[in-house]
Amino acid sequence: EAGAHFTSRDIIYLMTDILLSDTNFNGQNFTVYDMAMGTSQMLDCLSEKLLLIDEDAQLTEFGQELNEQTYAIAKANMLIKGGDAENMKHGNTLSDDKFEGYKFDYIISNPPFGIEWKNEKAAVEAEHKKGSMGRFGAGLPAIGDSQQLFMLNGVAKLKETGRMAIIQNGSPLFKGDAGSGESNIRGYLLENDWLEAIIQIPNDMFYNTGIATYIWIVSKDKSAERAGKVQLIDASKCFVKRRKSLGNKRNEFTDECIALIAEAYNAFADGVYSNDAGLEVEVKIKDNEDFKYTKVVVEQPVCDEAGKPILKKGKPTADSSKRDTETIPWKEEIEAYMEKNVYPYAPDAWIDEKKSKVGYEIPF
């Protein structure tokens, strides 16, 4: 299907506008990489946008693709453009990384959603065991969805000043409990202060799916005003209906849509942004710690017939049938939370601190 290896240009142009928004060019040479390049359209669009900004700038493109036919198209395209076709590689990015040791200025990618990684399991787990020396040391997502592995691959390949725009569906925002691989990957981005912004784009924007999708902007070198912050941009209502649908693609971004979203991104302030066409974008600026929490296990005692706790070695015995969990925001003091939300209903309750876990979730 076209959607399996083709992202429509209106989405890519938004990604390139955000990706290049605060770069000083001055005729420099930049490198860009797409880890799931399809026919290499994203690389084309980024190159096109960069030359519009600075015709003296140079962009060296790199890409890897699993599908043989689309890889061949990408390689042929590079030959026609006069670039280095050897930079277009064929293979499985997760299990057969063709760019080991490379670092890039920009990464732009739309990896597959909801594709399991059981065929790559041995290679991925071996690299996970390398810890910080490998791409997947931060954690492994559930076997049924490889999206966050592509995210980690991109993070590993960014220069210390690098920036990435990558499309994900909703799962990487919230899937996975405290202590899970998914949660730990979110924590890895947040604790290193690399997550700059997430843009929710409208439904029905892709050829082969109508689900909610998000562009994650990852920056290894945030500006001072963005330090410790994440910008959430709701652009789900900023679209124009197509006169004729292309598969599931019923909506699209016009130049006005892209300009308004870029304006909201660059303003970096809470609020609703609109234009004369009636388009609207909402922004919220959050602290990294707003997405962090402690999950605690709350125990209550086994009681005798008189309702008094049964003690063992001077301590109450936990009643497993009454065991519960509480998710406590990181910014909230745990004991204060318990005083307000638990003790009024269960005055004998206590936290089993050995079972407490730190988690990360991004409720959009």
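My aim in this report is to walk through the structure given alongside it, one point at a time. A quick note: this is a predicted structure, and the numbers were derived from the prediction, not measured.

**With respect to the overall build of the protein**
Turning to step 1, where the next piece is worked out: A count of helices and strands for the protein gives nine helices and 18 strands.
Turning to step 2, where the next piece is worked out: Projected onto the principal axes, the alpha-carbon positions of the protein cover approximately 85 × 50 × 40 Å.
Turning to step 3, where the next piece is worked out: Split into buried and exposed, the 364 residues of the protein put 48% on the buried side.
Turning to step 4, where the next piece is worked out: Here the analysis covers contacts within the protein between residues at least 6 apart in sequence; of these, 73% occur between residues at least 24 apart.
Turning to step 5, where the next piece is worked out: Carbon and sulfur atoms provide 47% of the accessible area of the protein, an area that totals close to 17,400 Å².
Turning to step 6, where the next piece is worked out: The centroid of the 43 positive side-chain charges in the protein is displaced by 5 Å from the centroid of its 59 negative side-chain charges.

**Here we look at the pattern of salt bridges**
Turning to step 1, where the next piece is worked out: As enumerated under the stated definition, the model contains 25 salt bridges in all.
Turning to step 2, where the next piece is worked out: As a salt-bridge pair, Asp 97 and Arg 135 come within 3.9 Å of each other at their nearest N and O atoms. Of this pair, Asp 97 sits in the loop between strand S3 (88-90) and strand S4 (104-109) while Arg 135 sits in the loop between helix H4 (121-128) and helix H5 (147-156), and the two are 38 residues apart along the sequence.
Turning to step 3, where the next piece is worked out: Residue Glu 116 is joined to Lys 118 by a salt bridge in which the shortest nitrogen-to-oxygen separation is 3.6 Å.

**A few points about the pairing of strand S10 (residues 249-252)**
Turning to step 1, where the next piece is worked out: Bridge count between strand S9 (residues 240-246) and S10: three bridges; the pairing is antiparallel. Bridging across to S10, Lys 241 finds its partner in Asn 251.
Turning to step 2, where the next piece is worked out: Where S9 folds back onto S10 in an antiparallel hairpin, the turn is made up of two residues, including Gly 247, whose phi is positive at roughly 60 degrees.

**Brief notes about unusual backbone geometry**
Turning to step 1, where the next piece is worked out: The phi dihedral of Ser 40 falls on the positive side, at around 75 degrees, and the residue is not glycine.
Turning to step 2, where the next piece is worked out: Structurally, Ser 40 can be placed in the loop between strand S1 (29-34) and helix H2 (41-53).

**Let's talk about the environment of Glu 100**
Turning to step 1, where the next piece is worked out: Here Glu 100 lies in the loop between S3 and S4.
Turning to step 2, where the next piece is worked out: Residue classification places Glu 100 among the exposed residues on the basis of a relative accessible area of 64%.
Turning to step 3, where the next piece is worked out: Sequence separation of Glu 100 and Gly 134 is 34 residues, and the distance between their C-alpha atoms is 9.6 Å.

**Regarding the sheet that holds strand S12 (residues 280-287)**
Turning to step 1, where the next piece is worked out: Reading across the sheet, the ten strands line up as S3-S2-S1-S4-S5-S7-S6-S8-S12-S11 and stay open at both edges, with mixed pairing between neighbours. Bordering the open sheet on either side are S3 and strand S11 (271-274), each of which pairs with just one other strand. When strand polarity is set aside, the average angle formed by the axes of neighbouring strands in this sheet is 15 degrees.
Turning to step 2, where the next piece is worked out: Judged from the five bridges that link them, S4 and strand S5 (residues 158-169) form a sheet pairing that is parallel. Each residue of the ladder has a partner; that of Ile 107, found in S5, is Met 164.
Turning to step 3, where the next piece is worked out: The strands touched by helix H3 (residues 68-81) are strand S2 (58-65) and S3; relative to S3, the strand with the most contacts, the crossing angle is about 160 degrees.
Turning to step 4, where the next piece is worked out: Across the face of the sheet, H5 comes into contact with S1, S4, S5 and strand S7 (213-219) while running at roughly 165 degrees to S5.

**Details of the nonpolar core**
Turning to step 1, where the next piece is worked out: Residues Ile 215, Phe 253 and Ile 261 are the most contacted members of the largest nonpolar core, which totals 49 residues.
Turning to step 2, where the next piece is worked out: Setting aside its immediate chain neighbours within four residues, Ile 215 contacts Leu 14, Met 15, Ala 165, Ile 166, Ile 167, Ala 197, Ile 198, Ile 199 and Ile 201.
Turning to step 3, where the next piece is worked out: Counting 34 residues, the second-largest nonpolar core is a separate cluster that includes Trp 117, Phe 136, Tyr 214 and Leu 232.

**Let's talk about the packing of aromatic side chains**
Turning to step 1, where the next piece is worked out: Using the criterion set out here, one finds eleven aromatic pairs in the structure.
Turning to step 2, where the next piece is worked out: With a centroid separation of 5.9 Å and 85 degrees between ring planes, the pair formed by Phe 62 and Phe 99 is classed as edge-to-face. Of this pair, Phe 62 sits in strand S2 while Phe 99 sits in the loop between S3 and S4; the two residues are 37 residues apart in sequence, bridging distant segments of the chain.
Turning to step 3, where the next piece is worked out: Phe 99 gets classed as buried once you look at its relative accessible area, which sits at 0%.
Turning to step 4, where the next piece is worked out: With a centroid separation of 5.1 Å and 85 degrees between ring planes, the pair formed by Phe 99 and Tyr 102 is classed as edge-to-face.
Turning to step 5, where the next piece is worked out: Clustering of aromatic rings is evident, with ring pairs tying together Tyr 33, Phe 62, Phe 99, Tyr 102 and Phe 104.
Turning to step 6, where the next piece is worked out: Looking at Arg 226, its charged tip hangs above the ring of Tyr 265, at a distance of 4.2 Å from the centre.
Turning to step 7, where the next piece is worked out: In this structure, Lys 292 packs its charged tip against the face of Trp 330, placed 3.8 Å from the ring centre.

Reading the values: the criteria
Residues numbered from 1 in each chain as written. Predicted model: local features only at pLDDT ≥ 70, side-chain atom pairs only at ≥ 80, totals over all residues. Heavy atoms only, no water. Helix = DSSP H or I, 4+ residues; strand = E, 2+ residues; numbered from the N terminus. Buried < 20%, exposed > 50% of the residue type's maximum accessible area, 1.4 Å probe, protein only. Contact = heavy atoms within 4.5 Å. Areas by Shrake-Rupley, 256 points an atom, 1.4 Å probe, with all protein chains shown as cover. Lys, Arg positive; Asp, Glu negative; His and termini not counted. Charge placed at Lys NZ, Arg CZ, Asp CG, Glu CD. Salt bridge = Lys/Arg side-chain N within 4 Å of Asp/Glu carboxyl O. Pairing = 2+ DSSP bridges. Axes fitted to C-alpha atoms, helices over the stretch in contact; angles between N-to-C directions. Core = buried A, V, L, I, M, F, W, Y, C linked by side-chain atoms within 4.5 Å. Phe/Tyr/Trp six-rings, centres within 6.5 Å; stacked < 30°, edge-to-face > 60°. Lys NZ or Arg CZ within 6 Å of the ring centre and 35° of its normal.

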